[in-house]
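Residue-level listing of the chains:
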Amino acid sequence: MKYAWLGCLFAGSLLFAGPQDADSNVNAQYTVETVILSGKGWTTNLRSETTDKISTSLYHQLTAIIGQKLNPAALDGLAANLKRELSAREVTHRVVRGELPEQVRVEFEVRPARASVGVNVNQFLYDSKQGWSGSGEADVTVRQQVFALGLVSDGDWLPERYSGITARYEDKDLGTGRLSLKLVAESFHEQWNQATVAAVAAHPEAGIALYRTRTDFQPTATLVLAKPLTLTVGARVETLETETPAAETASANAAIATLRYHREIEGLENQQDLDADCSLRAATRILNSDYVYSLRSAGVRYRFKSGKHTVTDNAWVGMISGRAPLADRFVLGNTYYLRGWNKYELDPLGGNRAVYNSVEYHYGPLQTFYDLGAIWDEGQSAVARHSVGIGIRESIFSLAVAIPLRSGRVEPIFMMGILP
Amino acid sequence: MAEPSRGLQISRRGWLLAGFAAPVFRAWGADSLTVSYDGDNLRVRSPDLHFLAGKPLERLQEGSTVVYLASTILYRDRWITPWKRAEARFVVSYDVLGEDKFAVNTPGPPPRHALNLSKAATEAWCLDNIWISVADIAPDRQFWLQLELRTGSQRDLSSVLGDTGISVDLIDLLSRPGAEPPLARRAGPLRLADLVRMPGRGPNE
């Protein structure tokens, strides 16, 4: 089975590499003079103009081919990126004569979508300790509005394995270009690991209860304060059906606020990305919540890319005050945080304090990483844990082996799948 | 032992299959396929087979690469039971700065390429580089030949992979015109003994 997956990953990466006929095209001898991007009623010459219709990243991808020899096969990939980012019905491209000898212009024409219906696989991964996890959704997009229905079964992210359905409505532009709205409804059935069940029974003083179902409704609005700084505010109404014989319900209703910053810096020979966010979730009696707690977290992710070399640092810290449901407690030891460790060995109930840092180095598809983290509860002392790993990552396909660094036995964890 | 010839004994199922397959191929009625024999291989020529046309030609003139896949199939009987098959691949492009000139190459073996060809010369070059080995066929053995030409897919995974996973746009997928039906030409019945023998131009010339 593992070999089959390996084969799939390599085949996928080969396909992703695109057709091998690029250098067979006679026009590959010409130099790209400029790139023209046009749509209904607008045209932008990317050699001399900037545009806010596309992201900085895609703008740099398009302008990077100016002055270079034409690679006709790469134009298909750029058109696909434009189509995806602009939610366009179709993006066509053509190469025409430039103003100077031996130079050509590349023209992309964007045809706007009236509506689209899509199927997305957001996550599909295997962890040798936690098994399979996956999520996908079908969506209908009409202009800037998205309706989506999804299925999920995830044994990776939280202390529980949750399986169920999700529904999402999103309006990406409420008229001003600065405000968007998102409504998410989810209904999950929970399965608990024996380690978690035993830990709950052993620590009744912690006031942590298991639940058999979890239902959420989360309306949020995102405001662009000043590009690229955004503020998301909203609420989450959550109902938990407890596992007591009487099947009582408990609520965890919270106000939500997240401040997010994202910046891309494009140099001549390198690219830098910076992501930073801080979040607050506050559940109070005022919101008719049975659980009263506040959750604060902050994270910074920095990526430096030069040629085939990429270095990434991902730092994150979180703190919970009060009594939070298990789904809101922090988890380390999954395929994202402190890879190589088993979350049920680290803390089967999750923690209310966590800190984490990961350094990754990529050379092309080859990947190596070092993770460092600690998870604990208030009043306990933090214990730092380390892990290292190697793997292959091509686009969203990932295959990695992570080894926890501890005295005694070496027990690597194998992870693979689609990891956006 | 010689291959048993079925001659014209064609089953009802065979006729039914042929009937269903007929609309799939374009213009096989306008049959003008000339077959020649160089001692090892069969070669084909068809002056009225114009595959640089329509949408593929538009894509070429917009600077894209178009891949043509040619299949030469020998049949034991009247184009029903396949016997031998040979494939060839041609990568064609159009010089957007040239004077209506094309370039073509084939990975072979051996790899070959040609530049600054007119449309007609490009089509002829591709046909010149299509052959099928008949070294193991008895001179008096009867067979039928079909040549198919179709465009290869240029799609790759980058159109469905995104930052958030794999996405497929169903409307785009369902509304996309299907692959163009292959162009086909037929000849037969043939016997090596009856074919005009050409000077050797085998793949290792």
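Residues numbered from 1 in each chain as written. Chains lettered and ligands numbered in written order. Predicted model: local features only at pLDDT ≥ 70, side-chain atom pairs only at ≥ 80, totals over all residues. Heavy atoms only, no water.

(A) Local environment of the overall build of chain A. Broken down by element type, chain A carries five helices and 21 strands. Split into buried and exposed, the 420 residues of chain A put 44% on the buried side. Partitioning the contacts of chain A with sequence separation of at least 6, the portion at a separation of at least 24 is 52%. A total accessible area of about 20,600 Å² is found for chain A, and carbon and sulfur atoms account for 57% of it. (Helix = DSSP H or I, 4+ residues; strand = E, 2+ residues; numbered from the N terminus. Buried < 20%, exposed > 50% of the residue type's maximum accessible area, 1.4 Å probe, protein only. Contact = heavy atoms within 4.5 Å. Areas by Shrake-Rupley, 256 points an atom, 1.4 Å probe, with all protein chains shown as cover.)

(B) Quick peek at the sheet that holds strand E5 (residues 102–106) of chain B. Residue and element names in this part refer to chain B. If you walk across this open sheet you meet the six strands as E6-E5-E4-E3-E8-E11, and the pairing is antiparallel. In this open sheet, the two strands that pair with only one neighbour each are strand E6 (112–117) and strand E11 (183–190). Direction aside, neighbouring strands of the sheet carry axes that sit 15° apart on average. Note: strand E3 (residues 66–75) against strand E4 (residues 82–94), ten bridges, orientation antiparallel. Bridge pairing in E4 links Leu 69 to Arg 89. (Pairing = 2+ DSSP bridges. Axes fitted to C-alpha atoms, helices over the stretch in contact; angles between N-to-C directions.)

(C) Expanded view of the nonpolar core. The biggest cluster of nonpolar side chains holds 65 residues, and the ones touching the most others in it are Leu 62 and Phe 108 of chain A together with Leu 42 and Phe 90 of chain B. Per-element tally for this core: the top contributor is E4 of chain B, with six residues. Once residues lying within four places of it in the same chain are set aside, the contact partners of Leu 62 of chain A are Val 35, Leu 37, Leu 46, Ile 54, Leu 78, Leu 82 and Phe 108 of chain A. (Core = buried A, V, L, I, M, F, W, Y, C linked by side-chain atoms within 4.5 Å.)

(D) The pattern of salt bridges, seen in detail. Residue and element names in this part refer to chain A. Taken as a whole and judged by the stated rule, the model has 28 salt bridges over all chains. With a closest N to O distance of 2.8 Å, Glu 90 and Arg 111 form a salt bridge. Of the two residues, Glu 90 sits in strand E3 (residues 88–97) while Arg 111 sits in strand E4 (residues 103–112), which places them 21 residues apart along the sequence. Residue Glu 90 is classed as partly exposed on the basis of its relative accessible area, which comes to 33%. (Salt bridge = Lys/Arg side-chain N within 4 Å of Asp/Glu carboxyl O.)

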